[in-house]
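# An overview of the molecular structure
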Amino acid sequence: MTGDCRHCKDYRECDGFIEWFHFGQIRFCPYQCIFIIRNADTLRAGHWPQNPDRADDNAGQRRIKTEATFTKPILILAEVESRLNRTGIHGKLLVAQIEAGRDFDTLDRDARTALLYIKGYRRKRMSFNAWKKARKYYQKVNINGM
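Residues numbered from 1 in each chain as written. Predicted model: local features only at pLDDT ≥ 70, side-chain atom pairs only at ≥ 80, totals over all residues. Heavy atoms only, no water.

So, about the overall build of the protein. Within the protein, the secondary structure is distributed over 6 helices and 0 strands. Seen in sequence order, the protein has helices and strands lined up from the N terminus as α-α-α-α-α-α. Buried residues in the protein amount to 36% of all 146 residues. Pairs at least 24 residues apart make up 53% of the contacts formed inside the protein by residues separated by at least 6 positions. With an accessible surface of roughly 10000 Å², the protein has 49% of that area assigned to carbon and sulfur atoms. (Helix = DSSP H or I, 4+ residues; strand = E, 2+ residues; numbered from the N terminus. Buried < 20%, exposed > 50% of the residue type's maximum accessible area, 1.4 Å probe, protein only. Contact = heavy atoms within 4.5 Å. Areas by Shrake-Rupley, 256 points an atom, 1.4 Å probe, with all protein chains shown as cover.)

Turning to the packing of aromatic side chains, a few remarks are in order. A complete count under the given rule lists 7 aromatic pairs for this structure. Ring centres of Phe-21 and Phe-35 lie 5.5 Å apart, and the angle between their planes is 70°; on these two criteria the pair is classed as edge-to-face. Here Phe-35 lies in helix H1 (residues 30–38) and Phe-21 lies in the segment before H1, a separation of 14 residues in the sequence. The same class applies to Phe-21 as to Phe-35, namely buried. With centroids separated by 5.3 Å and ring planes inclined at 65°, the aromatic side chains of Tyr-117 and Trp-131 adopt a geometry described as edge-to-face. Here the residue Tyr-117 occupies a position in helix H5 (residues 109–118), and Trp-131 occupies one in helix H6 (residues 128–144), the gap between them amounting to 14 residues. For the pair formed by Tyr-117 and Trp-131, the shared burial category is buried. By the ring-pair criterion, three or more aromatic residues cluster together here, those being Phe-21, Phe-23, Phe-35 and Trp-48. Its guanidinium or amino end placed over the ring of Phe-28, Arg-83 lies 4.5 Å from that ring's centre, counting from NZ or CZ. A cation over a ring is seen here: Arg-112 above Phe-104, with NZ or CZ 4.5 Å from the ring centre. (Phe/Tyr/Trp six-rings, centres within 6.5 Å; stacked < 30°, edge-to-face > 60°. Lys NZ or Arg CZ within 6 Å of the ring centre and 35° of its normal.)

For the rest of this paragraph, the subject is the nonpolar core. Most often, soluble globular proteins have nonpolar side chains that are buried together. Among the nonpolar cores identified, the biggest contains 32 residues, and Ile-36, Leu-94, Leu-115 and Ile-118 are the most heavily contacted of them. Mapped onto this core, the elements with two or more residues apiece are H1, helix H2 (40–44), helix H3 (71–85), helix H4 (89–99), H5 and H6. Ile-118 has contacts with Cys-33, Ile-37, Val-80, Arg-83, Leu-84, Thr-87 and Leu-94, leaving out every residue within four places of it along the chain. (Core = buried A, V, L, I, M, F, W, Y, C linked by side-chain atoms within 4.5 Å.)

A few words now on the environment of Cys-29. Along the chain, Cys-29 falls in the segment before H1. Once the C-alpha coordinates of Cys-29 and Arg-12 are considered, the two residues, 17 residues apart in sequence, prove to be 9.8 Å apart.

Now for the pattern of salt bridges. Overall, the coordinates contain 6 salt bridges when judged by the stated rule. Two residues, Arg-83 and Glu-79, come together in a salt bridge whose shortest N-O distance is 2.8 Å. Placement of both Arg-83 and Glu-79 in helix H3 is noted, with a separation of 4 residues, approximately one turn of the helix. Like Arg-83, the residue Glu-79 is buried in the burial classification. (Salt bridge = Lys/Arg side-chain N within 4 Å of Asp/Glu carboxyl O.)

That is the geometry; function is a separate question.
Below, the structure written as structure tokens:
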């Protein structure tokens, strides 16, 4: 992994959990979804979480912006919450486990399934239950080599 998620094609190629993402890097990979859920309170307040590696995220330059500073954090959080609402109880389990401090490798099977449903640049067209059934079918086909 290069450290820049804008060029990442498959989350399985990532080295592991990254502590902080810039909003321009968000492509809704599983690690970024965990980051968004973990920082939901800060995002809901309209602020992007501060980079722990830098003391000050302010570049010191004044720029004219075409939108309010709180729109991107709120829109990104709203997208993840909208996807989570489609997963039902599995999404609530995912949020509870992430708030308890679990990461991608230690999530339960149901929570991981919800995370894999909400990941991706676009929303899934299928309902969560239909997606789970299709996923099971294709996993069987790939295992059996049909």
